[in-house]
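# Chains, contacts and geometry: an overview
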Amino acid sequence: MDEARDKQIIQREIEAHRAMPGALLPILHAIQDALGWIPPQATPALAQALNRSRAEVHGVISFYHHFRTTPPGRHVVQVCRAESCQAMGGAALEAHAQAALGTAFGETTADGAITLEAVYCLGNCACSPAVRVDDDIVGRVSSARFDEIVATLRGEQVSA
Amino acid sequence: MTIQIHVPMDSGALSLGAEQVAQAIAAEAARRGVEVTIRRNGSRGMYWLEPLVEVSVGGQRRAYGPVTAADVPGLFEADFLQGGTHPLALGLTDEIPFLARQNRLTFARVGVVDALSIADYVAHGGFVGLARAIRLEPAEVVREVTDSGLRGRGGAAFPTGIKWQTVLNTPAEQKYIACNADEGDSGTFSDRMLMEGDPFCLIEGMAIAGLAVGATKGYIYLRSEYPHAHRTLEAAIEAARRVGYLGANLMGSGRAFDLEVRLGAGAYICGEETAMLESLEGKRGIVRAKPPLPAIEGLFGQPTVINNVISLASVPTILARGAAFYRDYGVGRSRGTLPFQLAGNLRRTGLVELAFGVTLRELLYDYGGGSASGRPIRAVQVGGPLGAYVPESQFDTPLDYEAYMAMGAMIGHGGIVAFDDSVDMAKMARYAMEFCAIESCGKCTPCRIGSTRGVEVIDRIIAGEDRGRQLALLDSLCDTMEAGSLCAMGGMTPYPVRSALKYFARDFGVDETQAA
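Parameters and conventions
- Numbers given to residues run from 1 along each chain, matching the order in which its sequence is written.
- Think of it this way: whatever chain is written first is A, whatever ligand is written first is 1, and the rest follow in order.
- Residues qualify for local features only when their pLDDT is at least 70, as the model is predicted, and side-chain atom pairs are given and counted only at 80 or more; totals for whole chains, interfaces and linings, by contrast, use all residues.
- Derived side-chain values reflect all non-hydrogen atoms in the structure, with water molecules and hydrogen atoms excluded from consideration.
- UniProt positions are given in the numbering used here, feature names are shortened, and annotations may be inferred rather than shown by experiment.
- Strands here mean DSSP runs of E at least two residues long; helices mean DSSP runs of H or I at least four residues long; both are numbered from the N terminus.
- Partly exposed describes any residue whose relative accessible area lies between the buried limit of under 20% and the exposed limit of over 50%, with all areas from a 1.4 Å probe on protein chains only and scaled to the type maximum.
- Contacts between residues were defined by any pair of non-hydrogen atoms, one from each residue, lying within 4.5 Å.
- Put simply, buried area is the surface a 1.4 Å probe can reach on two separate parts but cannot reach once they are joined, added for both.
- Criterion for a salt bridge: a side-chain nitrogen of Lys or Arg within 4 Å of a carboxyl oxygen of Asp or Glu.
- Here a polar contact is recorded for every N or O atom pair within 3.5 Å, except that within protein the pair must consist of a potential hydrogen donor and a potential acceptor, and residues adjacent in sequence are included only if both atoms are side-chain atoms.
- Only strands that DSSP links by at least two bridges are regarded as paired with each other.
- To get an axis, a line is fitted to the C-alpha atoms, and for a helix only the part in contact is used. The angle between two axes follows their N-to-C directions and goes from 0 to 180 degrees.
- Roughly parallel means an angle under 35 degrees; roughly antiparallel means over 145; roughly perpendicular covers 65 to 115; every other angle is labelled oblique.
- Each crossing gets its handedness from the near helix: less than a right angle anticlockwise from the far helix is left-handed, clockwise is right-handed.
- Three classes are used, and their members are as follows: Ala, Val, Leu, Ile, Met, Phe, Trp, Tyr, Cys and Pro are nonpolar, Asp, Glu, Lys and Arg are charged, and the others, Gly among them, are polar.
- Working definition: rings of Phe, Tyr and Trp (its six-membered ring) pair if their centres are within 6.5 Å, and the pair is stacked with planes under 30 degrees apart, edge-to-face with planes over 60 apart, and tilted otherwise.
- Per the annotation, domain bounds derive from an automatic or database assignment of domains.

- You'll find chain B entered in an unreviewed UniProt entry as NADH-quinone oxidoreductase subunit NuoF, with Denitromonas iodatirespirans given as the organism.

- As recorded in an unreviewed UniProt entry, chain A goes by Formate dehydrogenase subunit gamma and comes from Denitromonas iodatirespirans.
- Of the comments in the UniProt record for chain A, the one headed Sequence similarities (unreviewed entry) reads "Belongs to the complex I 24 kDa subunit family."

Quick look at the structure:
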């Protein structure tokens with residue numbers, strides 16, 4: 001981690017958005033989009049810029065599932081756990097995803113390639129079960145399809 | 001004239017490979033030296049046929065689907081550009097029974113138009129409602145919405161016109177329109193489809209709301225799980241601003257309305273209207289006590305109209321065609337249409353916009369084609385994670401807000417999730433409590449603590465530990481959550497739990513005759 005570079009980006013995003021009403025979420029999104037997570041040094045910087053306590057800023061970051069306080073892997077894979085996906089074999093996919101990657105939800109694979117997360121509805125309920133891979137949604141994901149996705153993300157050859 | 005081909009850029013279609021199909025069509029057309037224009041529409045809402053490719057032949061659209069990139073050379077070979085026959089040919093799109101029998105008012109343009117073309121939007125009746133709203137007095141616009149009978153499509157079904165009237169009546173320097181696009185209910189995707197397939201319709205609805213109540217600024221609070229909808233909305237807002245459908249001088253009227261998209265951050269509770277306001281203000285999404293009503297003291301303390309995407313997107317039709325036209329659809333006090341969303345274990349999943357009064361059985365079998373697995377449909381959750389599980393004995397109740405309330409269920413945002421007979425309803429009840437525990441904002445005790453205790457009690461019931469007492473405890477806990485929670489999160493989590501126990505007691509190891 002390059003803390004000096006992160007600091008620059010945090011300051012840049014604070015300056016770009018601080019004048020907006022209700023600026024905290026837009027700034028947090030911008031920081032996470034740029035860095036992949038919200039580093040600890042963002043909290044005091046945001047508190048100072050927005051004239052709010054560090055506790056308040058920390059409270060906001062920790063309230064929302066989307067904001068990460070640890071760096072993610074190179075890719076983020078989210079598996080939907082909600083009802084529609086459960087109706088189409090989602091529980092089996094959840095188990096397969098964790099077993100295949102050797103990680104629990106919220107963790108990153110040992111090679112740093114993939115962070116696995118649970119998500120509650122991707123709005124793709126007509127094509128359940130659904131998975132989000134970075135900014136792409138994938139529908140009707142079987143265990144085999146999940147393995148293909150993972151292989152592609154790792155840049156491996158997809159076996160026939 | 002080049003041949004027009006439509007390939008959806010709806011995220012559901014993209015999730016099944018629509019982008020690869022569009023690229024394959026472009027490449028194959030280039031290889032053959034055929035000139036085609038590939039247009040990017042939303043989805044028609046027939047997801048079992050996605051990616052659905054349409055070709056305009058003689059002024060009519062012919063459908064092919066589900067198409068994979070590998071099918072594309074074969075389609076060219078079969079001369080699909082002239083409507084040639086092919087195993088994937090579906091005939092005229094408008095004549096596909098699933099679509100032909102719907103009442104598409106709010107979704108009239110979704111899947112038809114190029115989502116980001118204002119010219120297309122206008123050619124299909126767009127901005128007629130806004131033009132009329134500009135000519136009317138604000139109170140007349142509000143009356144039109146009130147007279148239409150439109151009720152909040154987010155789930156609470158509160159009369160939209162009455163909410164607008166309150167904001168109109170409340171004097172303030174600044175008022176706001178806040179669109180709730182935090183569509184978090186599992187089994188729902190109509191907001192997403194509309195924003196991706198007809199974003200100008202939402203923009204027009206919000207602009208009309210602004211004129212009606214005297215608000216000059218709008219926010220769309222969009223969930224972060226919708227990256228495609230986000231890009232589409234941003235592009236549409238920019239396009240609308242460029243030609244004066246947003247900004248300081250709406251359609252040359254001298255009146256102002258502008259809007260901005262704000263992203264949520266993965267908190268289901270922010271679909272609750274006051275938690276959404278807190279989030280828009282840059283705070284934790286904690287539910288506010290009411291009163292004050294948001295219509296009087298809402299965003300940044302100012303009078304605020306908060307409506308769901310579908311409520312706002314229904315308004316252009318109401319203004320363009322009149323309150324009576326809209327009110328003529330529906331039954332009882334449920335007027336107009338609802339875009340139902342068929343999800344879960346169904347053969348034909350997708351969007352069905354119909355007048356209120358249709359039954360679940362018609363939706364599940366006539367439209368949905370029964371279960372995808374071929375097994376009997378055993379339980380159906382209507383209205384998202386806070387909605388009741390409906391057993392087959394209730395499939396013939398007409399879908400109408402009051403009829404559903406009378407049987408202890410709710411229509412909510414119109415999501416319908418079907419489960420076949422392999423479902424374990426005790427697990428689903430446990431999941432409802434678990435979900436509440438994960439997503440509770442934590443402000444009120446019945447929701448924050450009750451949900452965790454609920455998981456534990458259900459675990460003991462499943463394990464058969466002192467079942468009689470645990471069932472009484474669960475019943476009492478559900479009473480407390482229903483009566484004592486600040487909002488629907490804790491207040492309605494008992495709906496799926498109690499309905500599961502009532503109608504599917506044997507899954508809990510309970511003799512059906514003993515169930516509460």
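That was the structure; now back to the text.
### A short note on the environment of A:N124
Residues and elements named next belong to chain A.
- Checked against the element boundaries, N124 lands in the loop between β3 (114-119) and β4 (131-133).
- The buried category is assigned to N124, whose relative accessible area is 4%.
- C-alpha separation for the pair N124 and G139, spaced 15 residues apart in sequence, amounts to 6.9 Å.

### Let's talk about the interface of chain A and chain B
- If you look at the interface, chain A gives 39 residues, while chain B gives 60 residues.
- The three residues of chain A that bury the most area against chain B are A:F63, A:E83 and A:Y120, which together make up 18% of that side's buried surface.
- At the junction of chain A with chain B, the criterion picks out 1 salt bridge.
- Summed over the shared surface of chain A and chain B, the number is 26 residue pairs in polar contact (both at pLDDT 80 or more).
- Of all elements in the fold, only α2 (24-35), α4 (54-63), α5 (83-86) and β5 (136-138) of chain A reach the threshold of two or more residues within the side of chain A that touches chain B.

### Things to note about the pairing of strand β16 (residues 415-420) of chain B
All names here are of chain B.
- Counting buried positions along β16 gives 6 out of 6 residues, so the element sits mostly inside the fold.
- Neither face of β16 is left uncovered, since the one carrying G415, V417 and F419 and the one carrying I416, A418 and D420 both have all their residues buried.
- Pairing analysis gives 4 bridges linking strand β12 (residues 337-344) to β16, with the strands arranged parallel. By the bridge assignment for β16, A343 is matched with V417.
- Note: strand β14 (residues 377-382) against β16, 5 bridges, orientation antiparallel. Pairing of V382 across the sheet is with I416, part of β16.

### Let's talk about the packing of helix α7 (residues 138-148) of chain B against helix α10 (residues 199-213) of chain B
Residues and elements named next belong to chain B.
- Two elements in contact, α7 and α10, have axes separated by 7 Å at closest approach and are oriented at 125°. Comparing their axes, α10 and α7 come out oblique. Viewed along their axes, α7 and α10 form a crossing whose handedness is left-handed. Here P138, V141 and V142 of α7 come into contact with α10, specifically with I208, L211 and A212.
- Per-class residue counts for the contact of α7 with α10 are 6 nonpolar, no polar and no charged.

### So, the packing of aromatic side chains
Residues and elements named next belong to chain B.
- Counting across every chain of the model gives 18 aromatic pairs over all chains.
- With centroids separated by 3.5 Å and ring planes inclined at 5°, the aromatic side chains of F127 and Y245 adopt a geometry described as stacked. Within this pair, whereas F127 is found in the loop between α5 (118-123) and α6 (128-135), its partner Y245 is found in the loop between α11 (227-242) and β8 (258-263), the two being separated by 118 residues in sequence. When sorted by exposure, F127 lands in the same class as Y245, which is buried.

### Quick word on the UniProt feature "binding site: [2Fe-2S] cluster" (unreviewed entry) in chain A
Residues and elements named next belong to chain A.
- Under the feature "binding site: [2Fe-2S] cluster" (unreviewed entry), the UniProt entry names C80, C85, C121 and C125. In sequence the annotated residues extend across 46 residues, while in space they remain close, none of their C-alpha pairs exceeding 9.6 Å.
- Relative to the helices and strands, C85 resides in helix α5.
- If we skip the residues at most four places from it in the chain, C85 touches C80, G90, S128, P129 and A130.
- Locating C125 in the fold gives a position in the loop between β3 and β4.

### Let's talk about the sheet that holds β14(B)
All names here are of chain B.
- Pairing within the open sheet is mixed, and its 5 strands lie in the order β13-β12-β16-β14-β15. Edge positions in the sheet fall to β13 (350-355) and β15 (389-391), since each of these pairs with one other strand and no more. Across the sheet, the mean angle from the axis of one strand to that of its neighbour is 30°, orientation sign disregarded.
- One ladder, built from 3 bridges, connects β14 with β15; its direction is antiparallel. For A379, the partnering residue across the bridge sits in β15 and is P391.
- Of the strands in this sheet, β12, β13, β14, β15 and β16 are in contact with helix α15 (residues 360-367), which crosses β14 at around 120°.

### A closer look at the side chain of B:T317
Residue and element names in this part refer to chain B.
- Turning to its location among the elements, T317 is positioned in helix α13 (residues 309-321).
- Residue classification places T317 among the buried residues on the basis of a relative accessible area of 11%.
- Discounting residues that sit within four places of it in the chain, T317 has contacts with L105, G322 and F325.

### Focus: the domain arrangement of chain B
Residue and element names in this part refer to chain B.
- Domain parsing of chain B yields domain 1 (3-100), domain 2 (118-327), domain 3 (330-420) and domain 4 (425-515).
- Listed per partner, the contact involves 11 residues of domain 1 and 8 residues of domain 2.
- Here domain 1 and domain 2 share an interface that buries about 650 Å² over both sides, 53% of which is from carbon and sulfur atoms.
- Counting every contact that joins domain 1 to domain 2 gives 2 salt bridges.
- Between domain 1 and domain 2 we count 5 residue pairs in polar contact (both at pLDDT 80 or more) in total.

### Structural notes on the pairing of strand β7 (residues 217-222) of chain B
All names here are of chain B.
- Within β7, 5 of the 6 residues are buried, leaving the element largely enclosed by the surrounding structure.
- Across 6 bridges, strand β6 (residues 176-181) lies against β7 in parallel orientation. Bridged to I177 within β7 is G218.
- With 6 bridges connecting them, β7 and β8 associate as parallel partners. Its bridge partner being in β8, Y219 is matched across the sheet by E260.

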